[in-house]
Amino acid sequence: YTLETDVEGALQELYQKVQNVAGWNKKSETTSAPISSGSNHTLPGGMAYTLASGANLDVYFSGQLLMEGAAHDYQEVSTTQIKFSFTVPTNKNLIFSARK
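Residues numbered from 1 in each chain as written. Predicted model: local features only at pLDDT ≥ 70, side-chain atom pairs only at ≥ 80, totals over all residues. Heavy atoms only, no water.

Asks: Help me understand the overall build of the chain, please; the structure alone is not making it clear to me.
Replies: The helix and strand tally for the chain stands at one helix and seven strands. For the chain, the succession of helices and strands along the chain, N to C, is α-β-β-β-β-β-β-β. The buried share of the chain, reckoned over its 100 residues, is 29%. The long-range fraction of contacts in the chain, counting pairs at least 24 apart against all pairs at least 6 apart in sequence, stands at 66%. Element-wise, carbon and sulfur atoms account for 52% of the exposed surface of the chain, whose accessible area totals about 6000 Å². (Helix = DSSP H or I, 4+ residues; strand = E, 2+ residues; numbered from the N terminus. Buried < 20%, exposed > 50% of the residue type's maximum accessible area, 1.4 Å probe, protein only. Contact = heavy atoms within 4.5 Å. Areas by Shrake-Rupley, 256 points an atom, 1.4 Å probe, with all protein chains shown as cover.)

As structure tokens, this is what we get:
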């Protein structure tokens, strides 16, 4: 339910409500340079999560949910870093959603 009468306003209102959920953190970034396959990438905005093989962190690449693991799209490196198993090109949108 939203108090807004247009779609853009409603999405902004819902986004603000989601951002205020305790224990959940969501950050996005647009790559300004390529991120090389296998190199550590620090999550944006000082974001941190609890390591759990993808159970506490969702990573989206241009809107598509990625899978965590050595044979998949990315691996957890530390509580503030991951590494991709492919090169992320410049000007791509990444979204990180941490539950813990």
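Asks: Where do I start with the sheet that holds strand β1 (residues 25–30) in this structure?
Replies: One open sheet accounts for four strands, arranged β1-β7-β3-β4; its pairing is antiparallel. Edge positions in the sheet fall to β1 and β4 (64–65), since each has one partner strand and no second. Examined bridge by bridge, strand β3 (residues 57–61) and strand β7 (residues 93–98) share five bridges and lie antiparallel to one another. Across the sheet, residue Val-59 finds its bridge partner in β7, namely Phe-96. (Pairing = 2+ DSSP bridges.)

Asks: What's the story with the pattern of salt bridges in this structure? I'm lost.
Replies: Pairs may arise between side chains of opposite charge once their charged atoms sit close together. Evaluation of the coordinates by the stated rule reveals one salt bridge. Its salt-bridge partner being Asp-58, residue Arg-99 comes within 2.7 Å of it at the nearest N-O pair. In this pair, Arg-99 sits in the segment after β7 while Asp-58 sits in strand β3, placing the two residues 41 residues apart along the sequence. (Salt bridge = Lys/Arg side-chain N within 4 Å of Asp/Glu carboxyl O.)

Keep in mind these values describe shape, not function.
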